[in-house]
Amino acid sequence: MKHKILALLLALLLAVTATAASAQAEDLHRAPTLTVRSGCNTLQVRNSSATWSWVQEDGSTCTIAIDAMRPLSGYVLKNEGIQPSSLPSVLHWDVPPDRLTFSSYNISDVGNNNAEVLDFEELHYPYIVNLKPGRIYDLYANWDESHIKTDGFCGSAEYVFHT
């Protein structure tokens, strides 16, 4: 009986692993989703602008460039934001970027593309930040070309969210 349960658990594990690998292969054509965790709050953020390359099934590399609206254009306010916690927040990707710059603007500066940057810093892994309320955050992440061999993709992507 124990062997049957172990075999069933092993089969289930293999099925989940195969499904995850298949889903990962399908997602190579876009930058990884950013997960922002602030206390009990979680926000999933897709990239806006990006220059992205991935390996196709035939082994060739495909590259795209996506140009989106600027962070202060106001479109970010149409998306769901996150309520910052008094605790530090964690920025997470399934494959962490090699470089990450982090800027913030006052949310009242929406529509002012010449607004002053309130904070600008290059972050290092692990990506832990102190989010403040009433801000628009603009993150620029870069995955080096070495990821094309190990993860099947490389490139840079911009992520924008608000608090």
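Here, the structure is the one placed above.
### Structural notes on the overall build of the protein
On a plain count of helices and strands, the protein comes out with two helices and 10 strands. Scored against the burial criterion, the 163 residues of the protein give a buried share of 37%. Considering only contacts within the protein whose residues lie at least 6 apart along the sequence, 66% involve residues at least 24 apart. By element, 56% of the accessible surface of the protein is carried by carbon and sulfur atoms, the whole surface being about 9,900 Å².

### Focus: the environment of A68
Here A68 shows up in the loop between strand 4 (61-66) and strand 5 (89-92). Residues A68 and A50 lie 18 residues apart in sequence; the distance between their C-alpha atoms is 8.4 Å.

### Topic: the sheet that holds strand 1 (residues 34-38)
Picture the strands of a sheet paired through backbone hydrogen bonds; they go either parallel or antiparallel. Pairing within the open sheet is antiparallel, and its four strands lie in the order 2-1-5-8. Only two strands of the sheet have a single neighbouring strand rather than two, namely strand 2 (41-45) and strand 8 (128-129). Pairing geometry for strand 5 and strand 8, over two bridges, is antiparallel. Residue pairing in the sheet places S89 in a bridge with V129 of strand 8.

### Considering the nonpolar core
Among the nonpolar cores identified, the biggest contains 27 residues, and L91, W93, L139, Y159 and F161 are the most heavily contacted of them. Elements that contribute at least two residues to this core include exactly strand 1, strand 2, strand 3 (50-55), strand 6 (99-106), strand 9 (135-143) and strand 10 (153-162). Ignoring any residue separated from it by four or fewer positions in sequence, one finds L91 in contact with L34, T35, V36, L100, F102, L123, Y127, V129 and L139. Among the nonpolar cores identified, the runner-up in size contains seven residues, and Y75, V76, Y105 and V160 belong to it.

### Examining the environment of S73
Structurally, S73 is set in the loop between strand 4 and strand 5. Spatially, the C-alpha atoms of S73 and G111 are 5.1 Å apart, while their sequence positions differ by 38 residues. Filtering out sequence-adjacent residues up to four positions away, S73 remains in contact with V110 and N113. Here the side chain of S73 touches R70 through a polar contact of 2.8 Å, landing on its backbone oxygen.

### Regarding the pairing of strand 1
Within strand 1, four of the five residues are buried, which leaves it mostly tucked inside the rest of the structure. Bridging between strand 1 and strand 2 involves five bridges; their strand directions are antiparallel. The residue of strand 2 that forms the bridge with T35 is Q44. Linking two consecutive strands that pair antiparallel, namely strand 1 and strand 2, is a turn of two residues; a positive phi of about 60 degrees is found at G39 within it. Pairing of strand 1 with strand 5 involves three bridges; the strand directions are antiparallel. Counted as the bridge partner of R37 is V90 from strand 5.

### Topic: the packing of aromatic side chains
What the rule picks out here adds up to eight aromatic pairs. Both rings, one in W93 and one in W143, keep their centres 6.2 Å apart while their planes meet at 80 degrees; by these two values the pair is edge-to-face. Taken as a pair, W93 in the loop between strand 5 and strand 6 and W143 in strand 9 lie far apart in primary sequence, 50 residues in all. Considered together, W93 and W143 belong to a single accessibility category, that of buried residues. A centroid spacing of 5.6 Å and a plane angle of 85 degrees characterise the contact between Y125 and Y127, whose relative ring orientation is edge-to-face. Owing to a relative accessible area of 60%, Y125 belongs among the exposed residues under this scheme.

Rules of the game
- Per chain, residues are indexed from 1 in the order of the written sequence.
- Side-chain atom pairs in this predicted model are given and counted only at pLDDT of 80 or more, local residue features only at pLDDT of at least 70, and totals for whole chains, interfaces and linings cover all residues.
- Side-chain numbers come from the whole structure's heavy atoms, not from hydrogens or water.
- Each helix is a run of DSSP H or I of at least 4 residues and each strand a run of E of at least 2, with the numbering of both proceeding from the N terminus.
- Note on exposure labels: buried denotes an accessible area under 20% of the residue type's maximum, exposed denotes more than 50%, and partly exposed covers the range between, all computed with a 1.4 Å probe on protein chains only.
- A contact between two residues is defined here by any heavy atoms of the two lying within 4.5 Å.
- Only the protein chains shown count as cover for residues, and all accessible areas are computed by the Shrake-Rupley method using a 1.4 Å probe.
- Two strands qualify as a pair provided DSSP detects at least 2 bridges between them.
- In this description, a nonpolar core means a group of buried Ala, Val, Leu, Ile, Met, Phe, Trp, Tyr and Cys residues linked to one another through side-chain atoms lying within 4.5 Å.
- Pairing of N or O atoms within 3.5 Å defines a polar contact, subject to two protein rules: one partner must be a possible hydrogen donor and the other a possible acceptor, and residues neighboring in sequence count only if both atoms are side-chain atoms.
- Two rings from Phe, Tyr or Trp (for Trp, the six-membered ring) form a pair when their centres sit within 6.5 Å of each other. Planes less than 30 degrees apart are called stacked, planes more than 60 degrees apart edge-to-face, and all others tilted.

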